[in-house]
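Structural overview
Residue strings, one per chain:
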Amino acid sequence: EVQLVESGGALVQPGGSLRLSCAASGFSFNGYSMNWVRQAPGKGLEWVSNIGSSGTTYYADSVRGRFTMSRDTATISVYLQMNSLRDEDTAVYYCATSSEYSISSGMYYWGQGTLVTVSS
Amino acid sequence: QSVLTQPPSVSAAPGQTVTISCSGSSSNIGNNYVSWYQQLPGTAPKLLIYDNNRRPSGIPDRFSGSKSGASGTLGITGLQTGDEAVYYCGTWDSSLSARVFGGGTKLTVL
C-alpha cells in the first residue's frame, strides 16, 4: 500500500523557519518525482514545488528563494525547508507523487497533509 | 487569480450527468496533459483523471476526461450524493515552469 505521511507542521512566527517532512512507502521512490502542494484555509490548491529523482527542482514564484525542497533515498523522504515565513504561507501542506517521465502528468498519490500556521 | 479557469459551481440532480470545464492557454493545457482531482470535505485531494482521459485504478468509469485545444472537460454520469465535492483541474505551464491549478468547482448534487 502506498503511503505518504507528512509531518513538521506547527505554529511559527512571521520571519521564522520550519522544515516539513514526507515519509514515503509502498512504491519505488526513485522512480517518481515528488511535489508539495498547499491549501490555505477555505481556498483552492496551490502547487509549491517539485523535485525529480535526479534532484532537479522547480518552485512556484511565491516561494522561490525562501523554500528549498530536497529528497533523501536513505530515509525515503522528501523535505521542504521553509524560511522567511509570511502570514500568507499559512496552509495545509500536502506531498504528492508525479511521473518522473512526464512532468505534466497527474499527481497520483497524496498524503493527508500537515498544517502550517504563520502568526504572531 | 488562477491560471486555469473553472466555473465556481455546478449542480445537478442524482442520476444526471454534469460536465466541468477548464480553460487555459497554449502554454499549459494546449501543449500538456490535463488532470482532474476530487476533494471531498475535510480530506486530501484524490486523482480522478490523468493524461487528459486516463483513470487510475479504482476510479469508476462514471468519471471521464477529454481535452480539445487549450480546454479540458471532466464528465460525471449517474451522479450520486457522494460525488459532492470540489473538483480541480491541473497541468504544467511550460512558460512558468510550474504546475498550475484551476480555482476549483464545487459540485452540488441536489
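Presented here is an overview of the structure given in this document. (Residues numbered from 1 in each chain as written. Chains lettered and ligands numbered in written order. Predicted model: local features only at pLDDT ≥ 70, side-chain atom pairs only at ≥ 80, totals over all residues. Heavy atoms only, no water.)

All right, on to the overall build of chain A then. Along the backbone of chain A there are 0 helices and 11 strands. At 13 Å, chain A has a C-alpha radius of gyration in line with the 14 Å of a compact globule built from 120 residues. A principal-axis box enclosing the C-alpha atoms of chain A has dimensions of 40 × 30 × 25 Å. Taking all 120 residues of chain A together, 48% fall into the buried category. (Helix = DSSP H or I, 4+ residues; strand = E, 2+ residues; numbered from the N terminus. Rg over C-alpha atoms; globule rule 2.2 N^0.38 Å. Buried < 20%, exposed > 50% of the residue type's maximum accessible area, 1.4 Å probe, protein only.)

Many analyses report the size of an interface as the accessible area lost when the parts associate. Taken together, the contacts link 20 residues of chain B with 21 residues of chain A. Summed over both sides, the interface of chain B with chain A buries roughly 1,800 Å², with 62% coming from carbon and sulfur. Among the residues of chain B in contact with chain A, Trp92, Arg99 and Phe101 of chain B are the three that bury the most area, contributing 38% of the side total. Listed by contribution, the elements that provide at least two residues to the side of chain B that touches chain A are β3 (35-39), β7 (85-93) and β8 (98-101) of chain B. (Contact = heavy atoms within 4.5 Å. Buried area = accessible area lost by both parts, 1.4 Å probe.)

Another aspect to go through is the environment of tyrosine 94 of chain A. Residue and element names in this part refer to chain A. Secondary-structure assignment places tyrosine 94 in strand β9 (residues 91-99). For tyrosine 94, a relative accessible area of 5% gives the class buried. The spatial distance from the C-alpha of tyrosine 94 to the C-alpha of glutamine 112 is 6.6 Å, given a sequence separation of 18 residues.

Either a parallel or an antiparallel arrangement is found when strands of a sheet pair, and the pairing is made through backbone hydrogen bonds. All names here are of chain A. Across the sheet, which stays open at both edges, the 4 strands sit in the order β1-β3-β8-β7 with antiparallel pairing between neighbours. In this open sheet, the two edge strands, each paired with only one partner strand, are β1 (3-7) and β7 (67-72). The mean inter-strand angle of the sheet, taken between neighbouring strand axes irrespective of direction, is 15°. In the sheet, β7 pairs with strand β8 (residues 77-82) via 6 bridges, with the strands oriented antiparallel. Bridge pairing links methionine 69 to leucine 80 in β8. (Pairing = 2+ DSSP bridges. Axes fitted to C-alpha atoms, helices over the stretch in contact; angles between N-to-C directions.)

Attention shifts here to the nonpolar core. Counting residues in each nonpolar core, the largest one holds 40 residues, and the members touching the most others are Met34, Trp36, Leu80, Met82, Tyr93 and Trp110 of chain A. Among residues more than four places away in sequence, those in contact with methionine 82 of chain A are Gly16, Ser17, Leu18, Leu20, Arg66, Phe67, Tyr93 and Val116 of chain A. With 22 residues, the next largest nonpolar core counts Cys22, Ile29, Leu48 and Ala85 of chain B among its residues. (Core = buried A, V, L, I, M, F, W, Y, C linked by side-chain atoms within 4.5 Å.)

Let's shift gears to the pairing of β7 of chain B. Residues and elements named next belong to chain B. Counting buried residues in β7 gives 8 out of 9 residues, a clear majority hidden from the surface. Across 3 bridges, β7 lies against strand β9 (residues 105-109) in antiparallel orientation. Each bridged residue has a counterpart across the sheet, and for valine 86 the counterpart in β9 is lysine 106. In the sheet, β7 pairs with β8 via 4 bridges, with the strands oriented antiparallel. Looking at β8, one finds that threonine 91 is bridged to valine 100. Connecting β7 to the antiparallel partner β8 that follows it, the hairpin turn spans 4 residues, and serine 97 within it adopts a positive phi of roughly 50°.

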